[in-house]
Amino acid sequence: MLLRHFKCHIFPKDFPQLQNDTFLRAARGEETEHVPVWCMRQAGRYLPEFRESRAGKDFFETCQTPAACCELTLQPLRRFPFDAAIIFSDILVVPQAMGMDVQMVAGKGPTFPEPLKEPEDLQRLRVKVDVGKELGYVFKAITLTRHKIEGKVPLIGFTGAPWTLMSYMIEGGGSNTHSKAKRWLYRHPEASHMLLRMLTDVIVEYLLGQVAAGAQALQVFESHAGILGPVEFKEFALPYLRDIARRVKDKLKEAGQDVPMIVFAKDGHYALEDLSQSHYEVVGLDWTIDPQSARERTGGKVSLQGNMDPCALYAPKERISDIVKKMLEGFGTRAYIANLGHGLYPDMDPESVGAFVEAVHTHSRQMIKQK
Ligand SMILES: Cc1c2[nH]c(c1CCC(=O)O)Cc1[nH]c(c(CCC(=O)O)c1C)Cc1[nH]c(c(CCC(=O)O)c1C)Cc1[nH]c(c(CCC(=O)O)c1C)C2
């Protein structure tokens with residue numbers, strides 16, 4: 001069913017031609033004239049126009065309104081010469097599609113009023129999720145944005161990874177220890193695997209639907225990798241990350257499509273070697289990893305993305321420029337996508353973001369010319 005859905009959606013959309021494919025080429029390890037750059041949470045509260053658009057509106061209602069998602073996605077591009085855009089949405093729309101209630105509580109963040117407590121609670125989840133019906137609003141937002149972006153830069157689709165989503169579904173929201181979710185791993189390993197498999201199935205369809213709708217790259221956020229150790233990561237996170245990439249790629253190949261995939265496992269430095277052999281073209285890095293050692297440990301198998309400490313944006317402009325230069329020297333200019341090591345924070349100065357983008361472009365152009 002999916003492939004049919006797929007084929008009839010991929011071709012007739014007549015999207016404007018892509019003008020800047022630097023990000024896609026870097027993802028594939030090809031030469032570029034400058035290092036491409038984008039920021040996680042670039043569509044976010046550090047922009048006054050974002051705060052104005054979001055004011056007084058429910059967060060998930062905004063996610064369900066394609067025109068609003070499109071506008072929020074495009075806002076940062078009007079200010080800065082980013083080389084990619086990421087669709088405005090949230091990772092928690094997947095648990096919603098599986099039948100869970102998630103609300104955005106002011107001052108607290110996303111909250112599940114009835115989190116999963118015991119394995120029996122898995123029965124509350126939808127057995128078969130109709131992804132087109134439940135998440136069609138994301139696909140519409142992607143298609144609309146692909147048109148409105150006018151081919152300026154590629155559009156990235158995304159999802160949360162199974163372990164990260166599982167931990168939210170059990171914790172009921174953000175957590176410092178994630179001990180409720182980790183309790184499942186140690187006490188209910190079979191039910192944990194069952195939930196992770198259910199999530200994986202939905203995520204695969206969700207990502208394929210995003211590509212069919214117009215996404216030109218896909219990022220998988222394993223934001224809670226750091227709460228696991230190497231043993232648990234190998235058992236409860238890595239197999240599902242691999243399965244997602246393999247299944248998505250197999251289906252895309254059948255449809256004659258090739259879309260680069262990025263895996264970002266926050267604080268998962270212990271898994272870097274494994275991640276670089278997980279069928280993703282790009283491995284995203286947080287700032288706790290030294291660029292050179294990341295290159296050595298991934299052995300030239302993948303492109304790398306990251307990893308300036310977001311807090312470096314609090315530094316004066318000249319210092320940001322120096323930090324960027326060092327980062328570029330560490331990673332090298334080939335097979336590299338500049339980004340922060342995690343998302344932008346709401347109190348960051350848009351001008352510093354501009355300085356970051358400019359420093360990446362200016363220094364990398366110079367370095368590439370001197371090669
Ligand atoms: C801007 C925003 C988003 N989500 C949330 C906000 C802030 C709330 C608001 O603006 O009203 C709530 C929002 N959504 C979430 C949180 C974190 C909650 C917590 O764990 O405490 C918050 C505050 C959950 C979430 N949501 C997301 C992640 C993975 C990335 C990461 O590690 O930060 C996670 C963990 C993904 C996400 N979320 C969002 C994007 C948009 C595109 C972009 O990056 O520009 C993306 C990619 C958008």
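Because the structure is predicted, anything quoted here is derived from the model rather than measured.

## What to know about the site of the ligand
Okay, so step 1: Lining the immediate environment of the ligand, one finds 22 residues, of which Arg-41, Arg-54, Tyr-168, Ser-223 and His-342 sit closest.
Okay, so step 2: In this structure, Ala-43 approaches the ligand through a main-chain N or O atom, which is 2.9 Å from an oxygen atom.
Okay, so step 3: The side chain of His-342 places a nitrogen or oxygen atom 2.7 Å from an oxygen atom of the ligand.
Okay, so step 4: For the ligand, the protein covers 86% of the area, taking 890 Å² as the surface of the free molecule.
Okay, so step 5: Here the residues of the shell around the ligand sort into 13 nonpolar, 5 polar and 4 charged.

## A short note on the pattern of salt bridges
Okay, so step 1: For the coordinates displayed, the defined rule picks out 20 salt bridges.
Okay, so step 2: We note a salt bridge from Arg-28 to Asp-258, for which the minimum N-O separation is 3.5 Å. You can see Arg-28 sitting in the loop between helix 2 (22–27) and helix 3 (48–54) and its partner Asp-258 sitting in the loop between helix 13 (238–254) and strand 6 (261–265), a full 230 residues away along the chain.
Okay, so step 3: Linked by salt bridges that have partners in common, Asp-201, Asp-243, Arg-246 and Arg-247 make up one network.

## Regarding the environment of Phe-139
Okay, so step 1: Along the chain, the position of Phe-139 falls in helix 8 (residues 136–148).
Okay, so step 2: Not counting the four nearest positions on each side in its chain, Phe-139 is found in contact with Val-131, Gly-132, Tyr-206, Gly-209, Gln-210 and Ala-213.

## Some points on the pairing of strand 8 (residues 303–308)
Okay, so step 1: Burial analysis of strand 8 places 6 of its 6 residues in the buried class, which makes it a mostly covered element.
Okay, so step 2: One crossover worth recording links strand 7 (residues 282–284) to the parallel strand 8 by way of helix 15 (residues 291–298), and it is right-handed.
Okay, so step 3: Where strand 8 meets strand 9 (residues 336–340), 5 bridges bridge the pair, whose relative direction is parallel. Across the sheet, Gln-305 pairs through a bridge with Ile-337, a residue of strand 9.
Okay, so step 4: Running through helix 16 (residues 317–331), the crossover from strand 8 to the neighbouring parallel element strand 9 is right-handed.

## What to know about the packing of helix 9 (residues 162–171) against helix 11 (residues 189–213)
Okay, so step 1: Two elements in contact, helix 9 and helix 11, have axes whose closest approach is 9 Å; the angle formed by their N-to-C orientations is 120°. Both helix 9 and helix 11 take part in a crossing whose hand is right-handed. Counting all contacts with helix 9, which are made through Pro-162, Trp-163, Leu-165, Met-166, Met-169 and Ile-170, the residues of helix 11 involved are Ser-192, Leu-195, Leu-196, Leu-199, Thr-200 and Ile-203.
Okay, so step 2: Of the residues contributing to the contact of helix 9 with helix 11, the split by class is 10 nonpolar, 2 polar and no charged.

## Some words on the pairing of strand 9
Okay, so step 1: Among the 5 residues that make up strand 9, 5 are buried, leaving the element largely enclosed by the rest of the structure.
Okay, so step 2: Alternating positions in strand 9 separate into two faces, Tyr-336, Ala-338 and Leu-340 on one and Ile-337 and Asn-339 on the other, with burial throughout.

## Looking at the environment of Asp-322
Okay, so step 1: Note on placement: Asp-322 falls in helix 16.
Okay, so step 2: Looking at Asp-322, the relative accessible area reads 44%, which means it is partly exposed.

## Focus on the UniProt feature "domain: Uroporphyrinogen decarboxylase (URO-D)" (unreviewed entry) in the protein
Okay, so step 1: Within the UniProt annotation, "domain: Uroporphyrinogen decarboxylase (URO-D)" (unreviewed entry) is assigned to residues 36–45 and 156–172.
Okay, so step 2: With 0% helix and 0% strand, residues 36–45 has its two end C-alpha atoms placed 23 Å apart.
Okay, so step 3: For residues 156–172, helix accounts for 59% and strand for 29%, while the C-alpha atoms at its two ends are 27 Å apart.

Conventions used here
- Residues numbered from 1 in each chain as written.
- Predicted model: local features only at pLDDT ≥ 70, side-chain atom pairs only at ≥ 80, totals over all residues.
- Heavy atoms only, no water.
- Near = heavy atom within 4 Å.
- Polar contact = N/O pair within 3.5 Å; in protein donor to acceptor, adjacent residues only side chain to side chain.
- Areas by Shrake-Rupley, 256 points an atom, 1.4 Å probe, with all protein chains shown as cover.
- Nonpolar A, V, L, I, M, F, W, Y, C, P; charged D, E, K, R; others polar.
- Salt bridge = Lys/Arg side-chain N within 4 Å of Asp/Glu carboxyl O.
- Helix = DSSP H or I, 4+ residues; strand = E, 2+ residues; numbered from the N terminus.
- Contact = heavy atoms within 4.5 Å.
- Buried < 20%, exposed > 50% of the residue type's maximum accessible area, 1.4 Å probe, protein only.
- Right-handed = clockwise from strand over helix to strand, strands pointing away.
- Pairing = 2+ DSSP bridges.
- Axes fitted to C-alpha atoms, helices over the stretch in contact; angles between N-to-C directions.
- Left-handed = near helix turned anticlockwise from the far one by under 90°.
- UniProt positions renumbered as here; feature names shortened; annotations may be inferred.

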